[in-house]
Each structure stands twice: as structure tokens, then as C-alpha cells.
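Here's the letter readout for the chains.
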Amino acid sequence: MRYTRGYAAAVPVLLAALLLAGCTLGGVEPLQTPAPTEPPQAFQLVVLHTNDVRGFMEPCG
Amino acid sequence: MARRATFIQQVRDQNPYVLLLDAGNALISMEGIGATTEGQAIVEGMNRVGYDAMTLGDQDFRLGIDTLRELIAEAHFPFLSANVYVGNTQTLFAEPYRIVNMAGHRIAIIGVTNKDLVSFLSGGGAEPVLVSEPIQSIRNVLADLAGKADIVIVCSNLGYDQDRELAAQVPGITAIIGGNPGMLMPEPYRDPTYGALIVQAGYQGEWIGKLTLQIDEKGQVTSYQGEAVVLGQEIADDAAIRAWLDTFPTPQPY
């Protein structure tokens, strides 16, 4: 009985710890990187992209 | 995959800011090691070449929900979809977006999945996933991203026609990396309404798209260039990827 009460008391503490650690219950949080620390600069961004590869590991060519 | 890896590395060697994205339907396969490993080899290959994100395509769900969850857990990159929900809940099946910082800019990459997914998941009891209306889903994500992103890239499994609708109806999108069913676009289309660029790079791994954006300090595109590069025999195999592919016992017929 004493142990049951002890575990019950630990539940809110555990929930608070999870929330403080950034966890959420039941949802999927988007990945984010930390906010940029440098001021925005003009730059060149290259986006390489594939689509509909459908498991092909070797091209035909 | 081996030629793709070589090309990717060449581009990375020449450019400090490179994103590598897949717009969906990479995992499902009817033959070869993709099929025999139920997509596991595909994810491992994508891990090895360092993909930054992949959108869940409608066809990828043919692997089954449980297998897909296992693959998501094995991936070193996020699988994205802003409009696929678990059953009839408000819980998304995957992450809706990720944000990457480059040159002081916050780049949001949003995934969106084709509603055709419903057509082969419905029937036979409760649906394991529910696909919401894609354009409204993107609007919702953009509202959530207000003040959090300077550049927005939608990695779309919707298909070209819906990508055009998205570009014409929703402001705030820098580029749409498209797919489904696999259209070869030799150059980008720029929507006149809000200026979003649309690209797509063929199918079955025979091409890789390269979209080069010149971006000013405000996050605006000042010029762009796009192409679909044929991964032909003139591109040598990456030695490490070739050695890894050769460890699989089944010869690849293609």
C-alpha cells in the first residue's frame, strides 16, 4: 500500500518532467533546429530532389 | 543510388548550402532489393547519402502501416506529412515539417501527401490513417509557421496539377518540390500569382533534380535555375555505395 501511494505521487512529477523535457502526449512535434544566431545573409541554396524512385536502386542508363 | 551518391557529393563539394529532399513514393517497390527488404534497403541507402527529409507518398503506404513505422524509426531523416492522421484522431502520422537553419535563414520544409492514399486504404473496417484536404492543411501549417520561417519549401506528393493549384492559391511558398506520378520537368515553372517555383525530376531514380536559388538577406529569391540531371553512365559509381549495394545477394536486373 505504501509503495502504491508512492508510485501515485510520482506520476505528476514524471509528467511534469516529460513536459519540461519538451515531450508531448499523443502528438507528433515537428523537428526544429535552434534559432539562427547569425544575421540573415544573401546566399545560394541548392535543393537536390528526387521523386517516385519506387525502390529502384540502379538507373537504367 | 551509387551514381546519385556521386552527383550529390559533387554538388556538396561545390556548395555550402545544400538540401537533399525526396517527394515521396521512394520506398514501395515491386522487385529487387527494395521489394525483398520491404523498403529497408531504400531507407538505409537514403541514410547513407544523407537525405534531409522525405515526404510520405501515397504509394509508400502500400508497405503497410506497421512496416512504415519501422522504416520511419530506422531513418536518419524525418518523414514528413502535414495531412495524414492516425485513424480518426487529431494525431499526425508523421512530422508535418522540419526547420533547417542556413546562412541565418530559417528554412521550413513541409510535407504533404496525395489524397489518393484513401483509395487503397479504405474498405475492410476502420481506416488506419485519414488524409485531410492538402491545400487547407498547408494553409494551417503556414499559419503555425508565421514568424518562425523565412523560406518555405513544400515537398509535395500531390502531383503537378495540384501543385499548380497550391502555388496559385497559397502565398508564402518559395518552392514546391513535386512528385507523383513522376513527371520530368527540364526546367522550373514559376507561378505568376505568388511566384512559387515548381519542379519535379522524373521517376525510378533515373534523374535527380537540381534547383539553385539565389536568395537575398530578406529571404526573397532573386534568381533561380533548375534542371533534371540524367544519372547516366558518365557519372561514376560512388565506391562506398557500390560496395554496399554489392553485398545484397539478389542481382539487380535494372
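In this text the structure is predicted, and so the values were computed from the model without any measurement.

(A) How the structure looks around the interface of chain A and chain B. Each partner contributes to the interface: chain A provides 35 residues, whereas chain B provides 78 residues. Buried area between chain A and chain B, both sides added, is near 5,000 Å², and the carbon and sulfur share of it is 57%. At the junction of chain A and chain B, the tally comes to 0 salt bridges. Where chain A touches chain B, the interface holds 29 residue pairs in polar contact (both at pLDDT 80 or more). Secondary-structure elements contributing two or more residues to the side of chain A that touches chain B are strand E1 (31-32) and strand E2 (43-50) of chain A.

(B) Inspection of the packing of aromatic side chains at higher detail. Enumeration according to the criterion identifies 6 aromatic pairs over all chains in this entry. Measuring from ring centre to ring centre gives 5.3 Å for Phe43(A) and Tyr17(B), while their planes differ by 85 degrees; the resulting arrangement is edge-to-face. Of this pair, Phe43(A) sits in strand E2 while Tyr17(B) is found in the loop between helix H1 (2-14) and strand E1 (18-22), placing the two residues in two different chains. Classification of Phe43(A) by relative accessible area gives buried; the value is 5%. Seen in terms of ring centroids, Phe77(B) and Phe79(B) are 5.2 Å apart; in terms of plane orientation they differ by 40 degrees. Their pairing is tilted. For the pair Phe77(B) and Phe79(B), a shared accessibility class is recorded, and that class is buried. In textbook terms, an aromatic cluster arises when at least three aromatic residues are bridged by ring pairs, as seen for Tyr51(B), Phe77(B) and Phe79(B).

(C) Examining the sheet that holds strand E2 (residues 53-55) of chain B more closely. If you walk across this open sheet you meet the 6 strands as E3(B)-E2(B)-E1(B)-E2(A)-E12(B)-E13(B), and the pairing is mixed. At either margin of the open sheet sits one strand with a lone partner, and together these are strand E3 (79-80) and strand E13 (221-230) of chain B. As judged from the 2 bridges shared by E2(B) and E3(B), these two strands associate in the parallel manner. Bridge assignment links Met54(B) to a residue of E3(B), and that residue is Phe79(B).

(D) Molecular detail of the nonpolar core. One finds Leu48(A), Leu27(B), Phe61(B) and Phe93(B) to be the most contacted residues of the largest nonpolar core, which totals 46 residues. Elements with a contribution of two residues or more to this core: E2 of chain A together with H1, E1, helix H3 (40-49), helix H4 (65-74), strand E7 (129-131) and helix H8 (239-245) of chain B.

(E) Representation of the packing of helix H6 (residues 134-145) of chain B against helix H7 (residues 160-169) of chain B. All names here are of chain B. The geometry of H6 relative to H7 is characterised by a closest axis approach of 10 Å and an angle of 40 degrees between their N-to-C directions. Taken together, H6 and H7 sit at an angle that is classed as oblique. Handedness of the crossing formed by H6 with H7: right-handed. Of the residues in H7, those touching H6 at Pro134, Ile135, Ile138 and Arg139 are Gln162, Glu165, Leu166 and Gln169. The class makeup of the residues in the contact of H6 with H7 is 4 nonpolar, 2 polar and 2 charged.

(F) Layout of a negative patch on the surface. Taken together, the side chains of Glu38(B), Asp66(B), Glu70(B) and Glu74(B) define an acidic patch exposed on the protein surface. Residue placement: Glu74(B) occurs in helix H4.

(G) Structural view of the side chain of Asp163(B). Residues and elements named next belong to chain B. Take Asp163: it is sitting in helix H7. Here Asp163 is buried and forms no salt bridge, its nearest opposite-charge partner Arg164 lying at an N-O distance of 9.4 Å. Engagement of the side chain of Asp163 in a polar contact is seen with the side chain of Ser156, the distance being 2.5 Å. Apart from residues lying up to four places away in sequence, Asp163 is in contact with Ser156, Leu158, Ile176, Gly178, Gly179 and Ile198.

(H) Spotlight on the confidence of the model for chain A. Residues and elements named next belong to chain A. Here chain A shows a mean pLDDT of 65. Residues at 70 or above account for 41%. Residue range residues 1-7 is modelled with pLDDT below 50. Its contacts to residues more than four positions away, or to other chains, number 0 contacts. Considering only residues more than four positions removed or in separate chains, one finds that residues 14-27, a stretch of pLDDT under 50, has 5 contacts.

Rules used throughout
Residues numbered from 1 in each chain as written. Chains lettered and ligands numbered in written order. Predicted model: local features only at pLDDT ≥ 70, side-chain atom pairs only at ≥ 80, totals over all residues. Heavy atoms only, no water. Contact = heavy atoms within 4.5 Å. Buried area = accessible area lost by both parts, 1.4 Å probe. Salt bridge = Lys/Arg side-chain N within 4 Å of Asp/Glu carboxyl O. Polar contact = N/O pair within 3.5 Å; in protein donor to acceptor, adjacent residues only side chain to side chain. Helix = DSSP H or I, 4+ residues; strand = E, 2+ residues; numbered from the N terminus. Phe/Tyr/Trp six-rings, centres within 6.5 Å; stacked < 30°, edge-to-face > 60°. Buried < 20%, exposed > 50% of the residue type's maximum accessible area, 1.4 Å probe, protein only. Pairing = 2+ DSSP bridges. Core = buried A, V, L, I, M, F, W, Y, C linked by side-chain atoms within 4.5 Å. Axes fitted to C-alpha atoms, helices over the stretch in contact; angles between N-to-C directions. Parallel < 35°, antiparallel > 145°, perpendicular 65-115°, else oblique. Left-handed = near helix turned anticlockwise from the far one by under 90°. Nonpolar A, V, L, I, M, F, W, Y, C, P; charged D, E, K, R; others polar. Patch = residues over 30% accessible without salt bridge, like charges linked within 9 Å, V, L, I, M, F, W, Y side chains within 5 Å. Areas by Shrake-Rupley, 256 points an atom, 1.4 Å probe, with all protein chains shown as cover. Lys, Arg positive; Asp, Glu negative; His and termini not counted. Charge placed at Lys NZ, Arg CZ, Asp CG, Glu CD. pLDDT = per-residue confidence, 0-100.

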